[in-house]
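Inside the fold
Now for the letters of each chain:
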Amino acid sequence: AQTVTQSQPEMSVQEAETVTLSCTYDTSESDYYLFWYKQPPSRQMILVIRQEAYKQQNATENRFSVNFQKAAKSFSLKISDSQLGDAAMYFCAYRKTQGGSEKLVFGKGTKLTVNP
Amino acid sequence: SQTIHQWPATLVQPVGSPLSLECTVEGTSNPNLYWYRQAAGRGLQLLFYSVGIGQISSEVPQNLSASRPQDRQFILSSKKLLLSDSGFYLCAWTLQGRMSLPLHFGNGTRLTVT
């Protein structure tokens, strides 16, 4: 079974600084999708960024970018120029493309605090 | 555009009472539907998912059940709640067969079993 591990339960960053959140996953598949979701205090789940495993280029969305290392099964999220509104729980998630699986498997999350 | 509605937003129920949480999606047909639970300080645990009417896959043996009586309606139920059923419940949908697409979540239901 696929598993997603986020080894940092909590992280903090100063406003305007850069922070990297770690995520590793376990799979025997060669093609799959990876996602980062943000859950602010409102608890609404918001998609931050996604990455297709067969694409070597790292995905970017404005201040958010990923470092995707397929061989190491690592998918870290980098937040640049951190803002107070970035404070939230961040969840890494995995979804395989084959085998008819419709599931999205989540890690346990990292709580990010942004200090002014 | 597609929207997902989930209710109630909060619920306080005594142990042993029944439960019914409802989720509906608008603006799409034949979506995949999901129920996740988020316990305090933990990640999202997939409880059930459905790829069509009457088709329910259960991920974790538990005190809960799910049903999909209509294409865009997903219901989470329990006959007798346990204290351990407390948590934050999220309904989500995505287009079927489109693995690249993310899940879209409702606003969640905070359930407290007393």
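Remember, it's a predicted structure, so these values are computed and weren't measured experimentally.

At the junction of tryptophan 7 of chain B and proline 8 of chain B, the peptide bond is cis and its omega measures out at 0° in the coordinates. One non-glycine residue with positive phi stands out, namely lysine 73 of chain A, at about 55°. A relative accessible area of 27% places lysine 73 of chain A in the partly exposed class.

For the rest of this paragraph, the subject is the state of the cysteines. Inspection of the entire model under this criterion finds two disulfides over all chains. Between the sulfur atoms of cysteine 23 of chain A and its disulfide mate cysteine 92 of chain A the distance is 2.0 Å. Disulfide cysteine 23 of chain A-cysteine 92 of chain A: torsion about the S-S bond near -70°, hence left-handed. Of this pair, cysteine 23 of chain A sits in the loop between strand 3 (19-21) and strand 4 (24-26) while cysteine 92 of chain A sits in strand 10 (residues 88-96), placing them 69 residues apart in sequence. Taken as a pair, cysteine 23 of chain A and cysteine 92 of chain A share a single burial class, namely buried. Disulfide partner of cysteine 23 of chain B: cysteine 91 of chain B, at an S-S distance of 2.0 Å. The S-S bond linking cysteine 23 of chain B to cysteine 91 of chain B shows a torsion near -75°; that makes this disulfide left-handed. One end of the pair, cysteine 23 of chain B, is in strand 3 (residues 19-26); the other, cysteine 91 of chain B, is in strand 9 (residues 87-95), and 68 residues separate them in sequence. Among the residues examined, cysteine 91 of chain B registers a relative accessible area of 0% and is labelled buried.

Attention now goes to the packing of aromatic side chains. Geometry of an aromatic ring pair is reported as the spacing of the ring centres plus the angle between the planes. For the structure on display, the rule yields 15 aromatic pairs over all chains. Taken together, Phe35, Tyr37, Phe91 and Phe106 of chain A together with Tyr34, Tyr36, Tyr49 and Phe105 of chain B form an aromatic cluster joined through their ring pairs. A cation over a ring is seen here: arginine 43 of chain A above phenylalanine 88 of chain B, with NZ or CZ 4.0 Å from the ring centre.

About the cut-offs
- Residues numbered from 1 in each chain as written.
- Chains lettered and ligands numbered in written order.
- Predicted model: local features only at pLDDT ≥ 70, side-chain atom pairs only at ≥ 80, totals over all residues.
- Heavy atoms only, no water.
- Buried < 20%, exposed > 50% of the residue type's maximum accessible area, 1.4 Å probe, protein only.
- Disulfide = S-S within 2.5 Å.
- Helix = DSSP H or I, 4+ residues; strand = E, 2+ residues; numbered from the N terminus.
- Phe/Tyr/Trp six-rings, centres within 6.5 Å; stacked < 30°, edge-to-face > 60°.
- Lys NZ or Arg CZ within 6 Å of the ring centre and 35° of its normal.

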